[in-house]
Amino acid sequence: MPNPMVFALVLVAAVVLFIWSAVRRFSLLRVGRPEDRFNDIPARIRDTLVYAFGQKRVVRKAFGFNHLLLFWSFLILLIANGEFILKGLNPAISFMSLPAVVHNPIYLIFDLVSLIVLLCVIIAAIRRIVKPPFPGALTADAYVILGMVAALMIAYFNLHGLELASGEMIALMPISSAVGGLFYSGITPVAAHPLITIWWWVHAIVLLGFLNYLPYSKHMHILSSIPNIYFKRFDHANTLPRETFVSDARFGVESVADLTWKDLLDSFSCTECGRCQMVCPANLTDKPLNPRQVIHDIKINLLENGPAMRKGAEPKLALIGGGGEGSITEDQVWSCTSCGACMEVCPVFIEQMPKILQIRRNLVEAKADFPEELLNLFENMEQRSNPWGIAPSDRTKWCSLLDVKPFDEDCEYLFYVGCAGAFDSRNKQIALAMAMILDAAGISWGILGKEEMCCGDSARRLGNEYLFDQMAQANVELWEQKGVKKIITMCPHCFSTLKNDYRQYGFNGEVISHSEFIAELLTAGTLKLAEKVDLGKITFHDSCYLGRHNDIYEQPRSVISAATGRDPVEMKRNHSDSFCCGAGGGRMWMEEQLGTRINLERVREALDEDPDTVCVACPYCMTMFEDGLKDEHREMVNVRDIAEVVAMALPRQ
Amino acid sequence: MLVVACVKQVPDTTQVSIDPVTNTLVREGIPNIMNPFDTHALEEALRLKDAYGVRVVVVSMGPPNAEVTLRKALSLGADEAILLSDRAFGGADTLATSRVLAEAIKKLAEEDELALVICGKQTIDGDTAQVGPGIAVNVDLVPLTLVDKIIDLDLDNKSITVSRKLERRHEIVQAQLPALITVVREINRPRYPTVPMRLKAQETPVEIWNNESMGLDVNQIGLKGSPTAVRKIFSPEREPGEIIGDGTNDPVGTAQLLVDKLVSKELLHL
């Protein structure tokens, strides 16, 4: 056994060093801006239990069970190591001093759990070689950690094997006994003693070394991910904050100082599991964006610039466009479709997408630096209040043959047609289908017609917050003036913007997606269908802004089932795992020059199911699917919005 | 050194119609924009500012609400904006308009050495392309119209070399400064205002000059000074085109016909 005095000195030195390292790192969070993540403590505790201690997202992937086992084993071994340290300081402190009926199960559990850890570590090491979680996952960092943990367990078994074999300790520890029997059978206490001391020190040094390695490695997540989950966001749509437009304000994120402390904590919490990049539509179509890399670059940038910035210095390493580690390129920033898949899978609730959009804000607002095709878009939205730049007087052309009522105080619902429904020739048919459905259900509704204005979704996702701010204010003011209380949308982008973003502008009316509304009409029996529509085999594509951003998954499916009499078949990726069509985040209006096309990737996935019809619930998805099917020479497969399917099933008049 | 960019606020003509009775544009409820050709004129002036540090002054003649358009020019980076606004200027044709603009430019040239005046080649509401050259004559500047590139600007030796985009050819011309150029869309890509610039522009005053300060002869300006009378505005009738080939039954042959046609019209070079 060690000299308690010597160990005490080593321990104090190691702990002081660890605290110094951890404090130094965590104090870098103060470079970030303040953000209130301290509300709703009960919900935070609940989610911490479910996602941190229950590892709910970790085990969504089969291999996550390995991590779950390790996590809980570590918690148990924290007790074992507590005893180890105390016993090193004072040999009298030991579970041995407890009655056998108590200490026997304790040592048995420690012994078995240590074996579990060793096996998990071996499996993890093999997995990284055989089937790495993402390309490039074979990092030295990962192996150093796995090696340290394995060494700790081996030292543990040898230490206790020696104690058991030499009779220094009597306990029910089958694994340690087996090690003792194998290597140290019949050893005398005198001969065992120096070996025990050696293994004891191996264990102690690896343990303290591990502790001090943590703050400098990706395994800092052991310290940061539980708080990161505790401080997670509850707003599922991840609505970006409003900006104030005063002359000395900063716009968007240019350096790590423009991020919030929580953004920076995110960067410390990444374990480089790679799940985000394996679901990212940009990354999977060979674009330069990799959400894991974005978070990593923020961390590297913070480590590089943070200490000097805390003293008031300007950052040396540019966060945007600098090239190399610690910098994010503009191509990465513009590749994001804001689909939210990265955030949906992150086991520790890192918020990748909002950071990317915040960087866009800086590029657009402070530097007017953006892909050239967006110039027209911004001017169209600003001057004509629609992305296409068509004259606002054409807003009612879709219903020129119908008798659609202008919205007034007698109308219960405003049907907010949206720019796609009003201006895009294919999507006008969805607006028509909606009008038929609303009339058939006897709903009191109207439209704003030529007075309707664009919601500004694309402006906000593309970082043109100044423009969005004006559009949102104008819309909310108009609705207040008109007495709008309930809004039905047919576009998930309008829907999410009105429902989530416009709350920031004081709009408190009810906003309902056409998926929800039609599903409810059918359930309530308000809308009666005459016949089942035969569209053959149908597969349904989840829109990101309906599904992941607003948790609406079942309603569009139930609408399809009700109208066709058969359930849609699911694509390989569906519901919250759904794969973006490529048009979100303003990408609808941009050229896709890097990598392969996102919509083709999704269209091919749909075609794997051999459908006759692809159903969508979003005008952008409609465009992307129609284009993609043409590119694949599969125009025989129809694309239908759920409203069109229902309209076909309406009784003939 | 001074560069003046002339801009006009026009109705967004994609949204206007012509009143068949009065032969004028129906402007009611139609949003106003900066004449698209003038956005290129301003951009070119701003590029000269970036490259040579010249002072850029934007001048516009119009009603008081044209201040919005001038503020946009300020948000893009113009140093000063001057609105020439007076009831006496109203109803002006291109000649009377160019007299007022010319007078303003002369006044500006008294305080600072004028290098260049830049105008859009025409406006989208009037489409005459006369105001630019009209200013040049009134101020006595060399008029260089339809410029699609400033090849060289030598402020020390007071010379400018430009490329003029004419029908099916380009003309490279050199002239003495001060000169006036009118620009086509191909010359540049206008920039987008940053938010700090927009905010700053909101606090920058737009100077308003009326005829009291400019002192022009009232018979030379406005409706009185305008010899032009518009008798009729109409959309020209188009001769119907011809349908060539049979795309449904012979897509390859029809495509070839189209290519041949384009080549014969010199619209396509193989």
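None of these values were measured; they are calculated from a predicted model. (Residues numbered from 1 in each chain as written. Chains lettered and ligands numbered in written order. Predicted model: local features only at pLDDT ≥ 70, side-chain atom pairs only at ≥ 80, totals over all residues.)

The helix and strand tally for chain A stands at 25 helices and seven strands. Seen through its C-alpha atoms, chain A measures out along the principal axes to roughly 100 × 60 × 45 Å. For chain A, the share of sequence-separated contacts (at least 6 apart) that also reach a separation of at least 24 residues comes to 77%. (Helix = DSSP H or I, 4+ residues; strand = E, 2+ residues; numbered from the N terminus. Contact = placed C-beta atoms within 7 Å.)

Our next topic: the overall build of chain B. The helix and strand tally for chain B stands at seven helices and 13 strands. Principal axes of the C-alpha set define a box for chain B whose edges measure 70 × 50 × 40 Å. Out of the 270 residues belonging to chain B, those deemed buried represent 39%. Excluding contacts between residues fewer than 6 apart, the proportion of contacts in chain B whose partners are at least 24 apart in sequence is 68%. (Buried ≥ 20, exposed ≤ 12 C-beta atoms within 10 Å, placed from the backbone.)

Attention shifts here to the environment of A:I187. All names here are of chain A. Turning to its location among the elements, I187 is positioned in the loop between α6 (174–183) and α7 (189–213). Classification of I187 as partly exposed rests on a count of 18 C-beta atoms within 10 Å. Ignoring any residue separated from it by four or fewer positions in sequence, one finds I187 in contact with L162, A165, S166 and A192.

Residue and element names in this part refer to chain A. Note that L600 resides in helix α23 (residues 598–607). Judged by the 18 C-beta atoms lying within 10 Å of it, L600 is partly exposed. Sequence spacing of L600 and L629 is 29 residues, and the spatial spacing of their C-alpha atoms is 7.8 Å. For L600, the contacting residues outside a window of four places in its chain are G628, D631 and E632.

Turning next to the nonpolar core. All names here are of chain A. Within the largest apolar cluster, 144 residues are counted, with the highest numbers of intra-cluster contacts made by M434, I437, I518, F625, A643 and V646. Broken down by element, the residue count for this core peaks at eight residues, all from helix α17 (residues 425–440). Ignoring sequence-local partners within four residues, the contact set of A643 consists of I430, A433, M434, I437, M490, H514 and I518. (Core = buried A, V, L, I, M, F, W, Y, C linked by C-beta atoms within 7 Å.)

Next up on the list: the confidence of the model for chain B. Residues of chain B with pLDDT of at least 70 account for 97%, and the chain-wide mean is 92. Prediction confidence for the complex, expressed as pTM and ipTM, is 0.91 and 0.87 respectively. (pLDDT = per-residue confidence, 0-100.)

On to the pairing of strand β3 (residues 486–489) of chain A, then. All names here are of chain A. Bridge count for strand β1 (residues 413–416) against β3 is four bridges, and the pairing is parallel. Opposite L414, over in β3, you have I487 as the bridge partner. In this sheet, strand β4 (residues 510–513) lies alongside β3 in parallel orientation, the contact comprising four bridges. If you follow T489 over to β4, its bridge partner there is S513. Note on the crossover from β3 through helix α20 (residues 492–499) to β4: the handedness is right-handed. (Pairing = 2+ DSSP bridges. Right-handed = clockwise from strand over helix to strand, strands pointing away.)

Residues and elements named next belong to chain B. A sheet is described by the order of its strands in space; here nine strands give the open sequence β11-β10-β9-β12-β8-β1-β6-β7-β13, paired in mixed fashion. Edge strands, defined here as strands with exactly one partner in the open sheet, are β11 (169–176) and β13 (207–209). With strand direction ignored, the average angle separating the axes of adjacent strands in the sheet is 35 degrees. Where helix α2 (residues 67–76) meets the sheet, it contacts β6 (55–61) and β7 (80–84), and its direction lies at approximately 165 degrees from that of β7. Each of β1 (2–6), β8 (114–120), β9 (142–154) and β12 (179–183) touches helix α4 (residues 131–139); the most contacted strand, β9, lies at about 75 degrees to it. (Axes fitted to C-alpha atoms, helices over the stretch in contact; angles between N-to-C directions.)

Another aspect to go through is the sheet that holds β4(A). Residues and elements named next belong to chain A. With parallel pairing, four strands are arranged side by side in an open sheet as β2-β1-β3-β4. Two strands in the sheet have a free side with no partner beyond their single neighbour: β2 (445–446) and β4. Across the face of the sheet, α20 comes into contact with β1, β3 and β4 while running at roughly 160 degrees to β4.

The subject of this paragraph is the domain arrangement of chain A. Residues and elements named next belong to chain A. Under the domain assignment used here, chain A contains domain 1 (4–230), domain 2 (256–366) and domain 3 (375–648). Centre-to-centre separation of domain 1 and domain 2, based on C-alpha positions: 31 Å. Between domain 1 and domain 2, the residue contacts involve 23 residues of the former and 27 residues of the latter. It is helix α8 (residues 221–230) that provides the largest number of residues to the side of domain 1 that touches domain 2, a total of six residues. By residue class, the composition of the side of domain 1 that touches domain 2 is 11 nonpolar, five polar and seven charged. (Domains from an automatic or database assignment. Nonpolar A, V, L, I, M, F, W, Y, C, P; charged D, E, K, R; others polar.)

This brings us to the domain arrangement of chain B. Along its sequence, chain B is organised into domain 1 (2–214) and domain 2 (242–270). Each of domain 1 of chain B and domain 2 of chain B was reduced to a C-alpha centroid, and the two centroids are 42 Å apart.

What follows concerns the interface of chain A and chain B. One frequent convention defines the size of an interface as the accessible area lost when the parts assemble. Counting residues at the interface gives 14 residues for chain A and 15 residues for chain B. When contributions to the side of chain A that touches chain B are tallied by element, the ones reaching two or more residues are α14 (352–366) and α15 (373–384) of chain A. In terms of residue count, the dominant contributor to the side of chain A that touches chain B is α15(A) (three residues). For the side of chain A that touches chain B, the class distribution of residues is eight nonpolar, three polar and three charged.

Moving on to the environment of A:A562. Residues and elements named next belong to chain A. Structurally, the position occupied by A562 is in helix α22 (residues 554–564). Along the chain, A562 and T523 lie 39 residues apart, while their C-alpha atoms are 9.3 Å from each other. If near-sequence neighbours (up to four positions away) are discounted, A562 is found in contact with L522 and L529.

Moving on, we come to α8(A). A:S224, A:S225, A:N228 and A:I229 are the residues of α8(A) that are buried. One side of α8(A) holds all its buried residues, which, seen down the axis, span an arc of 130 degrees. (Arc of directions from axis to C-beta.)

This brings us to helix α1 (residues 36–52) of chain B. Three or four residues apart is the spacing at which side chains of an α-helix point the same way, because the helix has 3.6 residues per turn. All names here are of chain B. Taking 1.5 Å of rise per residue, the 17 residues of α1 would be expected to cover 24 Å, and the 25 Å separating its terminal C-alpha atoms lies within 8% of that figure. What α1 keeps buried is the set F37, D38, T39, H40, A41, L42, E43, E44, A45, L46 and L48. Just downstream of α1, G53 is the residue with a positive phi angle, here 70 degrees. (Expected span 1.5 Å × (residues − 1).)

So, about the packing of helix α2 (residues 41–53) of chain A against α8(A). Residue and element names in this part refer to chain A. Here α2 crosses α8 at 135 degrees, and the two axes come no closer than 8 Å. Our classification of the angle between α2 and α8 gives oblique. The crossing of α2 and α8 is right-handed. Side by side, α2 and α8 meet where R44, D47, T48, Y51 and A52 of the first sit next to S225, I226, I229 and Y230 of the second. (Parallel < 35°, antiparallel > 145°, perpendicular 65-115°, else oblique. Left-handed = near helix turned anticlockwise from the far one by under 90°.)

Between B:L177 and B:P178 the backbone carries a cis peptide bond, its omega angle lying at -5 degrees. Checked against the element boundaries, B:P178 lands in the loop between β11 and β12. The backbone phi angle of A:Q55 is positive, close to 55 degrees, even though this residue is not glycine. Exposure remark for A:Q55: the 19 C-beta atoms within 10 Å place this residue in the partly exposed category. For A:F349, which is not a glycine, the phi torsion comes out positive at approximately 60 degrees. By C-beta crowding, A:F349 is classed as partly exposed, having 19 other C-beta atoms within 10 Å.

Turning our eyes to something else, we now look at the packing of α8(A) against helix α9 (residues 261–269) of chain A. All names here are of chain A. Across the interface, α8 lies against α9 with an axial gap of 8 Å and an inter-helix angle of 135 degrees. The angle between α8 and α9 falls in the class oblique. Crossing of α8 over α9 shows left-handed handedness. Residue-level inspection shows H221, S224, S225, P227 and N228 of α8 in contact with α9, the latter providing L265, D266, F268 and S269.

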